[in-house]
Each structure stands twice: as C-alpha cells, then as structure tokens.
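Coordinate inspection notes
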Amino acid sequence: MIKRYHGAIKVLHFLLGYNITPMLYCVLGVLCGRSEPLLSLWGKVAEFTAHCPHWKLKPHVFIPSLDQFTICLHLKFKFSANGSWTAFTYHHPEVQCGSLGLGGREGAVMVWLFGSKWTTVDIGLATTVWHSLCLTWSHTEDRPLLYVNGNLTDLETVEENVTSSSISTSCYELAPNGTLTLGSAYSMVNSAMRSLPSASFLVSLFRLWGRQRSSQEVNTLSCTEGDLVHWSGEQWDKGLCAPICDDTLTCEWSDYKVSFKFTVSRYDGDSTDPYLARDIAARWVQVLPKEYQANRVLVDAATRSSAEDNNMLTTSSREKLVRFASSNANSSFNGTAYMKVSPKLDVATVQQTIHTALNHSFNDPDGPVKVQVFSISTQITPIDNLPAVTTKRPPVTSSILTSPFTQTSTSMSVIAACPAESQQTRKGLFEWPVTPAGKNSTLPCPKNTQHYATRHCKLSSSTQWMAPNLQDCHLVVETILDLNHVKVTPENALAVVKIIESLLSNRSELNYPELAMVLAKLKAVVDVRSVTADLGQALIGTISDILGSHSYLLPFISMILNITEAVGDYMVGFHGPSTLVAPALAVSIVDVVPGQFDGLTFGVSPHAAGAQPEIILNKVPLKGTVAFISLPSVLQHSFPHTQSPPRVQFQFYGIPDLFMNKSKDQVLNSFVVSASISNVTSPIQDLREDVQVMLLHLQPKQPHMDTQCVYWNFNKNDGNGGWDPRGCRKYNSSTDFTTCLCDHLTHFGVLLDVSRTPVDELNEHLLTLITYVGCGVSSLFLGITVLTYTAFEKLRRDYPSQILVNLSVALLGLNLAFLLDSWLSSWGANGLCVATAATLHYFLLASFTWMGLEGVNMYFALIKVFNVYVPAYILKFCALGWGIPLVICVLVLIVKSDAYGGHLYSGARSSLKPLDNSDNFCWLQDDVTFYVSVVAYALLVYLFNIAVFVVVLIQIHHMRANSPAGARSGLMHDFKGIATLTLLLGLTWTAGFFTWGPARVVMLYIFSLLNTLQGFFIFLFHCLLKENVRRQWRVHLCLGKFRLEDHSEWSHTASVATVAKPSPCQLNAGMPSVRSVESSSTVSTSASSGSNQRGSSCKRPDLGLFVKSLVFPPCPVNLSGDSAEAPHEGSDPPTWLEEPTPDMRHSARPHRHQTRKLAVPCPQ
C-alpha cells in the first residue's frame, strides 16, 4: 500500500511542479486515520499567537549541565519582524547560571546568557520566509556565537543593566534541569509561569546538541537531529497549540538511523536467536523503496514483558500480539537499521515512508516466520553520518548460525567469531587466534610452557573476547628492568602503559636505571602511534606516579617534559578542549581557529593532596587559584601554517620537586605552569604582548624575602635544564601571589630567595613586642624632650639645642607613623595606605637627614672652627632637614605612583587577600625604590657621620693626651660623651647592615633595642642627665623647697662670665681648636663693662651637647693679667669660650683697644 502512496505522490509532484510531499503525507496521515501516529514533528511547525503562547519541554526530558552547546531552529514571521518576539528561553529560577534565550526586537536578534545580553544590528528578517538560526557556546569563550541563515553574525553588547561585555565569570556551565520554553518569554509569579506578550511567528526544527558545532557543521549538518532535545512530539508539551503541517519548510538528508522494537513469531514452534532475527530484519527492511538502502542492521534480544515495553504498546497493537502469540513461539527484539537514502529526500518524507512501511506485519517468504513491529517505538532519526560497514562476514562455525536462509547483499555487523588479537601482559605476550563464538582458546604460558592460559570468546549480539585466565602462568615482567624485553607496538601500546602502572603501584622510589627504562618505554609509546583519550590518560597517570615518587628526577626532567608535551601534541579523537588530569599533573589541549583567536587563559584551582586539580579554561582566576596563565592575541602570528588547526597546549605540574634548583639560596616557591604551540618550527619568543602568569606561593613571602620570575631553560646545566630569568620580569608580588610578564612560551615558575636565615616564630613575636613597646616609650619621652626645649627659651638659645629639637620631632613622627601603620592599613582604603606609607617614608628620611645635619654642625665646629661663615644657619638647616625628604617622596610618587601601598597584588580580585589583612603593612612595595630612596640615602648619611665620629674620637684622644694627669675625666664621663655622639649621629642604625648570617637573631635584638629606644636615650642624656635642664624643671615646675629661683642658676658663674671677650680672630692660631668649643646654653652673654660693642662678636657652630659630657681640666689664664675663678665642684663643665657662630649680622671684629678675659685649658 505504501508503494501505491509513494507512486501517487510522485505523479502529483510532477504534475504540479513543486514539492508537495510533506503536505500530502501529513494529510494522508489524517485521512487514513492511522491508530499509530508518527511521533516526529519534522514537516510540522508550531504557530505562536496570543491564543497559543508557548510550548514547554516535558519534565521527563532531562537537560544536563552543559559547558558547551548548540541550538538550532527555524523561524518565520507571518506579518512583521519589527515587533518584540522570543523564540525560546531556558530558565532555572534557583540557579544563577541558568538563563539562556533568543529573541528579537525592531529587526535585530538578541541573545542572553548568564545575565549578559547581546544584539545584532537590524538584519532585516523578511516575512513569509523561513530563517535558520543557530546559537553555539563553549566555556572557553566569553560570548556565544550566532549564525543567521548559515552566516556568522556579529553580536554587540547591550549596555542596559549589563556591567560586563562578557559572560559572568562565576558561570562555567549551563545549569541542569531548567525549564525550556518555545514561543514566548515569561516571568515567575507565585511559582507559576506567566507568559509575556510576543509577536506572532512560526517555529520549527528546534534541536539541542551537547557540544559546540563548528561553522562548517552548522552549515553542512543542518538537517540532523539533536542529541539532547529532538523535534519530536514525545518531548514537547504543546498544550492547546497543536502542530500544523507546513510544506514550505523542507530539509533534505540522506543518512538515517531507524530504531524499532519487533516480535518474530514462528509457526514451527522453534525459538528465534538474535542472529536469525538479524537476518530476518535485514530482509524485512527491503520492503522499502529502492532509494532506501540498509547500510547496516543490528539486532539484540529484548524483554517484552518489561513494564516499559508494555506501556509503549497501543491497545490495538497489544491485542494483535496477544492473539498472535497464543498459538505460536514468539521472541521480542530491539533492532537498529542504518539507512542510506539516495538521492536525498526531505526528512519528513523519509520518516513517513519508513514508518508506514514498518507498521505492517511481514511474512518471511523463506521460513515459517511472521514479524510484527511495535510502531509507537519506531524512531527515524537523521544522523551526521553512517557508521563503518563490515564488508566481509567471518566464517560461520556455530550450529546456531547454520540456518537455511541465504545471505543477502546487506552487510551484517554481528560477528560469529572473535578476531585474532595480540595481548601483552606481565606474564608474557599472547597471540590469540581467531576463535569461534562460544569457544575457548588455549595457549602455553611463555615462561612455564607446561602450563596453559585460556580465553573465552563470548557469544552475544557482538562476539567479544573475555579476560584471559592466566593464573597458571608465571610472571615474565617481574621487575621494571624486565621491560627491556617488551617491544612496544601500536597494538600493545596501551597494554605496556598498564604494565608500567602495575609495576609502579608498590614502588615509592625508583633508581636511575629504572627511571631510564620506564621513561624510554613511555617515549616509545608516544612515538609509535597517535594518542587516544584512554592512552593519553594512562600516560598522564603514569607520569604523575613518577612525579609523586621519592626518586631523583634531575637527570630526567627534560625527558619527562618532552614526553608530557608529546602526549598533548599527538592527541586525537576529541572535539573542543580536552583535558587529561592526574594528582600531580594536568594537560589541556585546545585546537583554535587562527582568525578567531582572541587570547586564551588557563587556570588551576586548588586541590587536596592526592586529589586531582580542576582545570578552568578562558576564565578569570577564581578565589584560591594556584596557577593562571593568559596568552595574548598576538600569539596567532606565531601559529604554524599547516592543514590541521593550530593546537595550544597547557601543562600544570603539581609537584615542584621535579624542578630541582642547584642554588641553595633560591628555591622553587610555586607550582609550574607552561604553554606551548604544537608543530612550530622555531621557539616562540620576543612577543609584542607579554604572556601573563600568576602563581600562588607555596610558602608565604615575608617582607624581607624576594621573588624572581623564571622559566625552565632546557640547555642549562649540561642539558639537564635549569631556571633562567631571561625574558621574564616580575610585575607585582604580594604575600601569596607573584605575577610575571614573559615574552616567550615555556615552563614558568617563581623562585624565592631564602639566603637569609629565617627567624623562628618565638623570636619574631619577641622582636615585634620589643619594637612596638620601644617605639611607644620613645614617643612618650621624645614628646617630653620637645616640650621641654620648646617651653624653656634658655635651653634652645644655641644651635645644637635647636638641631636636637628638630631631630626629636622627626623621630617622634617616625615612631607615631610606625605605630599607627598597621591600624590605618586595616581600614582597607588604598589611598589611605599610600598616604600612610608616604608619611612613614618621609619621617624616616627626615630622621636620617637631621642625623646628618648633626654631623655637619660638628664638622663646622670641630674642623673649620673660625673659617666658616654661614648666614641664616638654622633656617638653612631646616630647609635641608625637612625639604630633602619631601622632594624625595614627591619624586617617588611622580616616577612610580604604585611604589607605596600594602603587600597586595595590584590586579587583585576577590580571590586574593584584601588590604585589611592583619599582617599587612603600608610601606614601599618596589625594591628598586626602597634601595635607592632609603638604603642608599641612609648609607650616605652613615658614611659621613662615621667619618665625623672618627675625627671627634681622634681629637678627644689628643685632648686627653695634652691634659694634666690629675685633671682627666673619669670613664663614665667618657662613656656619656660617646653614647651621646652615637645617638645624635644615628650610628645605632648601622646594626641593620649586620643582620645576616649566624648572628642574625642577636643583631636583630640589638638593632631593635637601640633604635626603638633612641628617643628614650635622647631624653636620658639631653634632659634627665643634663644639669641646666634639671634646673629649668626646678625653676618652673617644682614647688616648695625643691623650687629654685630663676637667678640662682647663674650666680656661681658671675665672676667667670662677666669678663671681656676677645675676638676669636685674636686667639692663638696654634691652640688646638677643639679646646675652644663649648656650648653657650648655660652661659649668659658676657662682655667687657667698658665695651660699647657688646652685641658685636664672631660666632660659629659648637659641640656643646657633646663636649659638656667630656670634662677637660681648665687652666685659668688671664690675658689681661688677672686670674680667673675656678668653677664650682659639681656644676656643669665651665665655659671656656663663648661660642662664636657663623652669622653675618655679628661678623664685625671687636675694637682693637677692647680688653677681654678668657679661660682656656693649660697646654702641656
């Protein structure tokens, strides 16, 4: 009957001049009133209007999580495409990554995915014409691809309510088990779906695949069925919207898969085995027209009594089979036939033809057999291509298969014998011969030939070898070195790798010969054949086991790296990105399209010991990412010009012990990640854009540690390889991460400088406690010192006292900035942190500067003596002391604005430690800036002050040598003077240059104690132990009997002070200059009573602060013939000479007739 239908349709097609086949078959199906309708919707469309708003995918159709997909559909507008319309939406209300849809507005097509939205320009979708739309996406891409009528269409970001032009960084796959709707957008109201208004249009051939199809596949395979969602009536809940026939949409295809369930009934009472059923089915499908050729027929037994099969039968079919089975021997089978239709016909026509033909009982003319199909279970699916065909049938040796039926021209896939096979095991090589189905094959054991190995050939729908029985055979490969007798071939490559895995399973360490043997066999495996997914995974797992052993791998590093790279280069049989993962190793391969390459990223998420890492491609680094590498788009200019697409390969090594470094001062402090391009003829280097690499520190980097970006140079260390920094530079480094920029591709890592002896946790806590307590104490006493000298005018009349006040203010600012630094950094404000770091830097430089100016003042007073003239002396000192640090800090901000800050990665995302880390400290983050603006500056100050200090000590030695034996000062006075000089010149800071080596911890304690308490020592020597300061306290702060009158301070010096002063130019030039140095801080201005030039003098800087601590015996000398009064016992050292200062306003010489009295030490 179907042949009559088919012939009539051909005649009508010829007479009417156009293809009416789909429409006629649709009409015939209604008119004939078939009880077994065709489930496929090919040739039918869904029309969406206000009364028919949508179709929904049925709940039993499960959509899994998808990291890539392809969705294709056909669309036609009946009126206008300028209105708002929605072709489909996919939504999961409880999952963030569950939104997907395609629609349009005003002639443009819109796509939304994971909260991001894109649109095309107005592409002018014509009405009454079918348009093909295909949407593809992969997790390696930041946006989907849209094909309109087979052409890739540009998508532009829709800015409204969208903060990024790319897909949400937290979404790597489409959430499973959402709601798929055709025809309209919707919103959820009280857990119910409410449709939104949409324009009227038609949708057909909606299909979903679980992988991303290429541009070529989108165009050439447009008529194939989806593998996840089909255009089938059994998958869609159509509601009141019944599909309608449409003859304007045709899709011609040639390759089909026909799946069906059928029953074979025999009149002779014998049973029917699958092989005989297969032959019957092959003859049965020949009832189809000659254009339909069965390429392959598969049959296996089915359990017809299952509840699922019974539910699939219609009442009429079930009644027929019950009546048919009441007196005959019946057997149920599942059948699959692969059909070739030539020339191509419309899919709907082919489906209707096959369905109608197989819906009738078939009486086998060659035997007492009748076939009945379960028509409702018949599925005719257009597929990409037909499977390979078996052209020759093996010999039939089983009695079951020696039936009287003749072989047809149709090729068969059921094999009646197991083929010959070579099997490599640890017990030897077994060459199993062709063995009939259901039989055993026996071979002698290779090592003990008196015993035998057996293997069974299983009889089933497709015969197959079972696992061999080798229990009586002895091991041939007992040790790793026995692998030397195993020859690697393409057939046994996977078996050899399995043998190596077995040998390594109980070994924790391999010696040199064993490592050489294993790696030689692995290299032979990748050299003899292409690497399939199974073989690649086995190879990566074996290399991971080697890396995890406690073996000395240094001589084999290059060989291991080359084998790993070869695995990725020779991988075959995968679509899209492919990843091989093992606990210590991961390899990802991506075949890219050169013209569409816009960069690529590779990330590795953290994993527990022994677990496998998780690989993330083309996404920003997540929280806790241990390795991340980003390739620039300019890399496409280095792709090889070959027929196959360029392949980018990433590798991750989770065990740093592989990359041993001969230097004991540097250790690898990160995992190793690499990137390479397959089949390149020359190294990829000198890229115009840098490769960015971010690596997690295995050991947190302390502030005193340094990191270095390096790559693995295969040519170093006599070919064994080694780390090399050329071509790589450090972009930024924090406590946990280092970011590197490199101009080439290779294996990247981060080295940590461990040359400094680490401080243990206990000493670190003690040093921290000493530092903060010392800075707090110093801040208190520096404040008292500044307040004392500021409040009492008599104490700051001389230059040394004024310099002391400025130094104290600088040290006070330094201590306060240090104490507040950690607290200010905890606010999490980058600007505040930069300001804090700059303030700390400024006061540190100011402290060093005023220490240097103390040395300059001593130099003027001690070396130059009377030959120096400096106008506005203190004003110029202040300009230098506070101006130089300010200039340096401003230059740092101008030249390198990011030099100040906390220990942060500048491109940090949520995965990195925030600024409010309690261990954070705002300070200089750039090493070059630190060494130039701090270390070098301090070193210059120290060198000058040390020179001044040495000269002062030499002068003291000469003075002591020239003083009377009975008048020399005691040891405590000398100690006080040297300690005062050391503190003022900042020589205690030089202890920081000796904090290395075995004595590092001791020097750190000395450095911390001396410098954090520097402010306290200044208070001690310049306030508490200074007589005139104590007198001022008693005069102004004490009450009762402890209070002194203001004039009592100077009463005991009146006889000495009220003498005429000669000009310094009149002093004996041969007199040692240091003997004329004394502070005027405790002496009133003196002049001759008869002088009318009281205010005229020649002043110069003094060493009063220091010399008052070194008491030298005076010798009364009266230049006018009178004797001077000796100083009182217990008072401050007497004033031998009023200090001249380099001030032009007092540069006039005294009158030549003026007479003065002078007390000077006695020359010896």
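Analysis parameters
- Residues numbered from 1 in each chain as written.
- Predicted model: local features only at pLDDT ≥ 70, side-chain atom pairs only at ≥ 80, totals over all residues.
- Heavy atoms only, no water.
- Helix = DSSP H or I, 4+ residues; strand = E, 2+ residues; numbered from the N terminus.
- Buried < 20%, exposed > 50% of the residue type's maximum accessible area, 1.4 Å probe, protein only.
- Contact = heavy atoms within 4.5 Å.
- Areas by Shrake-Rupley, 256 points an atom, 1.4 Å probe, with all protein chains shown as cover.
- Pairing = 2+ DSSP bridges.
- Axes fitted to C-alpha atoms, helices over the stretch in contact; angles between N-to-C directions.
- 1 Å grid on protein atoms, 1.4 Å probe; cavity = no way out; pocket = protein on both sides within 12 Å on 5 of 7 lines; lining within 4 Å.
- Points joined across faces, edges and corners; volume = space filled by probe spheres on them.
- Nonpolar A, V, L, I, M, F, W, Y, C, P; charged D, E, K, R; others polar.
- pLDDT = per-residue confidence, 0-100.
- Disulfide = S-S within 2.5 Å.
- Phe/Tyr/Trp six-rings, centres within 6.5 Å; stacked < 30°, edge-to-face > 60°.
- Lys NZ or Arg CZ within 6 Å of the ring centre and 35° of its normal.
- Left-handed = near helix turned anticlockwise from the far one by under 90°.
- Core = buried A, V, L, I, M, F, W, Y, C linked by side-chain atoms within 4.5 Å.
- Patch = residues over 30% accessible without salt bridge, like charges linked within 9 Å, V, L, I, M, F, W, Y side chains within 5 Å.
- Salt bridge = Lys/Arg side-chain N within 4 Å of Asp/Glu carboxyl O.
- Parallel < 35°, antiparallel > 145°, perpendicular 65-115°, else oblique.

The helix and strand tally for the protein chain stands at 22 helices and 46 strands. With 1164 residues in all, the protein chain has 51% of them scored as buried. Contacts in the protein chain between residues far apart in sequence, at least 24 positions, make up 74% of those at least 6 positions apart. As displayed, the protein chain offers around 53,500 Å² of accessible surface, 56% of which is attributable to carbon and sulfur atoms.

Our next topic: the sheet that holds strand E33 (residues 600-605). Judged by pairing direction, the sheet is antiparallel, and its 6 strands sit side by side in the order E34-E33-E35-E39-E43-E42 without closing on themselves. Strands at the two margins of the open sheet, each flanked by one partner only, are strand E34 (614-617) and strand E42 (728-733). Shown here is a sheet whose adjacent strand axes are inclined to one another by a mean of 15°, direction ignored.

Under the defined criterion, the tally for this structure stands at 8 cavities of 30 Å³ or more. Lining the largest cavity are 14 residues, and of these Ser40, Ser232, Gln379, Ile380 and Thr381 sit closest to its centre. Top element by residues in the lining of the largest cavity is strand E23 (residues 379-382). It accounts for 4 residues. Along the lines of polarity and charge, the residues of the lining of the largest cavity split into 5 nonpolar, 7 polar and 2 charged.

Low pLDDT means the predicted atomic positions in that stretch should not be read closely. On average, residues of the protein chain score 75 in pLDDT, and 72% of them reach the 70 mark or higher. The lowest-confidence element of the protein chain is helix H21 (residues 1054-1057), averaging 33 in pLDDT; the highest-confidence one is helix H15 (residues 873-895), averaging 93. Confidence drops under a pLDDT of 50 for residues 304-329, and excluding neighbours within four residues, the segment shows 40 contacts in the predicted structure. Every residue in residues 903-919 is under pLDDT 50, and counting partners more than four places away or in other chains gives 38 contacts.

Here we come to the pairing of strand E40 (residues 707-713). The buried count for E40 comes to 6 of 7 residues, which makes it a mostly enclosed element. In this structure, E40 lies alongside strand E41 (residues 722-724), joined through 3 bridges in antiparallel fashion. Across the sheet, residue Asn713 finds its bridge partner in E41, namely Gly722.

All right, on to the state of the cysteines then. Summed over the entire model, instances satisfying the criterion amount to 8 disulfides. One disulfide in the model links Cys72 with Cys134; its S-S distance is 2.0 Å. A torsion of 115° about the S-S bond marks the disulfide between Cys72 and Cys134 as right-handed. With Cys72 in strand E3 (residues 68-77) and Cys134 in strand E8 (residues 131-138), this pair connects stretches of sequence that are 62 residues apart. Across the pair, exposure class does not vary: Cys72 and Cys134 are buried alike.

Another aspect to go through is the environment of Ala835. Mapped onto the secondary structure, Ala835 falls in helix H14 (residues 830-864). Taking relative accessible area as the criterion, Ala835 reaches 39% and is therefore assigned partly exposed. The spatial distance from the C-alpha of Ala835 to the C-alpha of Tyr900 is 8.0 Å, given a sequence separation of 65 residues.

Among the 6 residues of E33, 6 are classified as buried, and the element is accordingly described as predominantly covered. Taking every second residue as pointing to the same face, both faces of E33 are buried, with Leu600, Phe602 and Val604 on one and Thr601, Gly603 and Ser605 on the other. In the sheet, E33 pairs with E34 via 4 bridges, with the strands oriented antiparallel. Bridged to Phe602 within E34 is Leu617.

Moving on, we get to unusual backbone geometry. With an omega of 0°, the peptide bond between Ser342 and Pro343 qualifies as cis. Non-glycine residue Asn149 carries a positive phi angle of around 55°. Locating Asn149 in the fold gives a position in the loop between strand E9 (145-148) and strand E10 (151-153). The phi torsion at Asn177 lies on the positive side, around 55°, for a residue other than glycine.

A separate point is the packing of aromatic side chains. Inspection of the entire model under this criterion finds 38 aromatic pairs. Geometrically, the ring pair formed by Phe597 and Phe639 is edge-to-face, given 5.2 Å between the ring centres and 75° between the ring planes. Here Phe639 lies in the loop between strand E35 (627-631) and strand E36 (647-653) and Phe597 lies in the loop between strand E32 (585-591) and E33, a separation of 42 residues in the sequence. Owing to a relative accessible area of 6%, Phe597 belongs among the buried residues under this scheme. Among the aromatic residues, those joined into a ring-pair cluster are Phe48, Trp55, Phe77, Trp85, Phe201 and Trp231. Sitting over the ring of Trp209, Arg213 keeps its end group 4.1 Å from the ring centre.

The 3 strands lie next to each other as E28-E29-E30, forming an open sheet whose pairing is antiparallel. Across the chains shown, the open sheet's two edge strands, defined by having one partner strand only, are strand E28 (440-444) and strand E30 (464-465). Judged from the 5 bridges that link them, E28 and strand E29 (residues 452-458) form a sheet pairing that is antiparallel. By the bridge assignment, Ser441 is partnered in E29 with Arg455.

Axis separation between helix H12 (residues 761-791) and helix H13 (residues 799-825) bottoms out at 9 Å; the angle between their running directions is 145°. Relative to H13, the crossing made by H12 is left-handed. Along the contact surface, H12 presents Thr771, Tyr772, Cys775, Gly776, Ser778, Ser779, Leu782, Gly783, Thr785, Val786 and Tyr789, while H13 presents Ser801, Leu804, Val805, Ser808, Val809, Leu811, Leu812, Asn815, Leu816, Phe818, Leu819 and Ser822. Residues belonging to the contact of H12 with H13 are distributed by class as follows: 13 nonpolar, 10 polar and no charged.

In this structure, Phe88, Leu102, Phe206, Trp231 and Trp236 are the most contacted members of the largest nonpolar core, which totals 84 residues. Leaving out residues up to four positions away in the same chain, Phe88 has contacts with Ile71, Leu73, Leu100, Gly101, Leu102, Trp112, Leu135, Leu180, Thr181, Leu182 and Phe206. Counting residues in hydrophobic clusters, the runner-up holds 63 residues, among them Met858, Phe877, Ile888 and Val941.

In this section: a nonpolar patch on the surface. Taken together, Leu886, Val887, Val890, Leu891, Ile894 and Val895 make up a surface patch of nonpolar side chains, about 590 Å² in accessible area. Looking at the secondary structure, you find Leu891 in helix H15. Under the relative-accessibility criterion, Leu891 is labelled partly exposed at 46%.

The next point concerns the packing of helix H8 (residues 493-504) against helix H10 (residues 533-548). Between H8 and H10, the shortest axis-to-axis distance is 10 Å and the interhelical angle comes to 25°. Taken together, H8 and H10 sit at an angle that is classed as roughly parallel. Taken as a pair, H8 and H10 cross one another with a handedness that is left-handed. Note on element contacts: H10 touches H8 through Asp534, Leu535, Ala538, Leu539, Thr542, Asp545 and Ile546, opposite Ala493, Leu494, Val497, Ile500, Glu501 and Leu504. Taken together, the residues that form the contact of H8 with H10 break down as 9 nonpolar, 1 polar and 3 charged.

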